[in-house]
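Working through the structure, step by step
Below, each chain spelled out in residue letters.
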Amino acid sequence: MTLLYYDPRFLDHHTGDHPECPGRLQQIVSQLAANGLDRRCCQPEWEPIRRTQLLGVHFEEQIAHLEGIAQQGGGQADSVTVVSEVSVDIAKLAAGAVCNAVGRVLKGEDSKALCLVRPPGHHALAERAMGFCLFNNIALGARAALDQGVERVLIVDWDVHHGNGTQAIFYNDPRVAFFSAHRWPFYPGTGAEDETGTGDGLGATRNVPVEFGTSRKVYQELVRRELEDFAARIKPELVLISAGFDAHRSDPIGSLGLEVEDFIWLSQLTLEIAETYAAGRLVSTLEGGYNPTALAESVAVHLEALLAADP
Ligand SMILES: [Zn+2]
């Protein structure tokens, strides 16, 4: 089995005419149902993240600022980041899913989990929301793992955009290693090869910038080599994936020319790493992907790979 986290309340995060829309998740959910993949998973219940847990990553002022926007009936957290009346509650439910998944995987209830959540998280900084993201779901999940005694977490971020928020949150922390392959140069502007961490965290960040137009073969060879090398140095006890699917060639705001099949080898590669170092423990969480059809097909092959890796 694999744990599958989804709640229809994620559709209530209304963003208006925006690429990060409820239709993304609707399409994923109907695709998984059509393929019968959802029925092969265990779908646990969970609670929204607690404030004390949120404070493990985010500043009090940031949380209060977002709550203020929501209480006033909604608004914008930055030029592209919409907050509706209920968005902050839904963001807490999203972050809670990742933390719950980490907890269950560490307890051994299951070795793998996929969190189909929105809003996404990897651009959110400790001090402010950014790039469609309110709270940094994956960073909160990594923090939950540290709180439960894990000493080395590896976050693999294959979203087409650099996960600047996640990188910044753990930039000086050797316990949470961050690997990102992303289009370059591109939004948000960070993620150069020479950004490798600082202080005790030096060497625990690995960025693989990829130019638009790079062939799928070259992308695959590069990511495989870099990720295998990095994982061998980190030897993680838990692997987390910032699973964005906006590197797909038909993505309207991303694209690195990838096809749906590329998310199969990316999934298998990351599963192999989890198997080699982390007793197979892997928690994946949805980030970007803005062509709902390509997104739904890509998520389906990703989940299928997770299920195929079941013992
Ligand atoms: Zn993205």
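For the structure, see preceding data.
The paragraphs below set out a description of the structure included in this document. (Residues numbered from 1 in each chain as written. Predicted model: local features only at pLDDT ≥ 70, side-chain atom pairs only at ≥ 80, totals over all residues.)

**Comments concerning helix α7 (residues 216–234)**
Residues that lie three or four places apart on an α-helix share one face, since the helix turns once every 3.6 residues. For α7, built from 19 residues, the straight-helix expectation of 27 Å at 1.5 Å per residue is met to within 8% by its first-to-last C-alpha distance of 26 Å. Looking only at α7, the buried set comprises Y219, V223, L227, F230, A231 and I234. The buried residues of α7 occupy an angular sector of 95° when projected down its axis, which confines them to one face. Away from its buried face by more than 90 degrees, α7 exposes K217, V218, E221, R225, D229, A232 and R233. Of the surrounding elements, those touching the buried residues of α7 are β5 (153–157), β6 (176–183), β7 (205–210) and α8 (262–277). Downstream of α7 by one or two residues, K235 has phi in the positive range, about 50°. (Helix = DSSP H or I, 4+ residues; strand = E, 2+ residues; numbered from the N terminus. Expected span 1.5 Å × (residues − 1). Buried ≥ 20, exposed ≤ 12 C-beta atoms within 10 Å, placed from the backbone. Arc of directions from axis to C-beta. Contact = placed C-beta atoms within 7 Å.)

**Structural notes on the sheet that holds strand β9 (residues 282–286)**
If you trace the 7 strands from one edge of the open sheet to the other, you get β1-β4-β9-β8-β5-β6-β7, paired in parallel fashion. Each edge of the open sheet is held by one strand with a lone partner, namely β1 (3–5) and β7. Pairwise comparison of adjacent strand axes, ignoring direction, gives a mean angle of 10° for this sheet. By the bridge criterion, 5 bridges tie strand β8 (residues 238–243) to β9 in an arrangement that is parallel. Bridging across to β9, S242 finds its partner in T285. (Pairing = 2+ DSSP bridges. Axes fitted to C-alpha atoms, helices over the stretch in contact; angles between N-to-C directions.)

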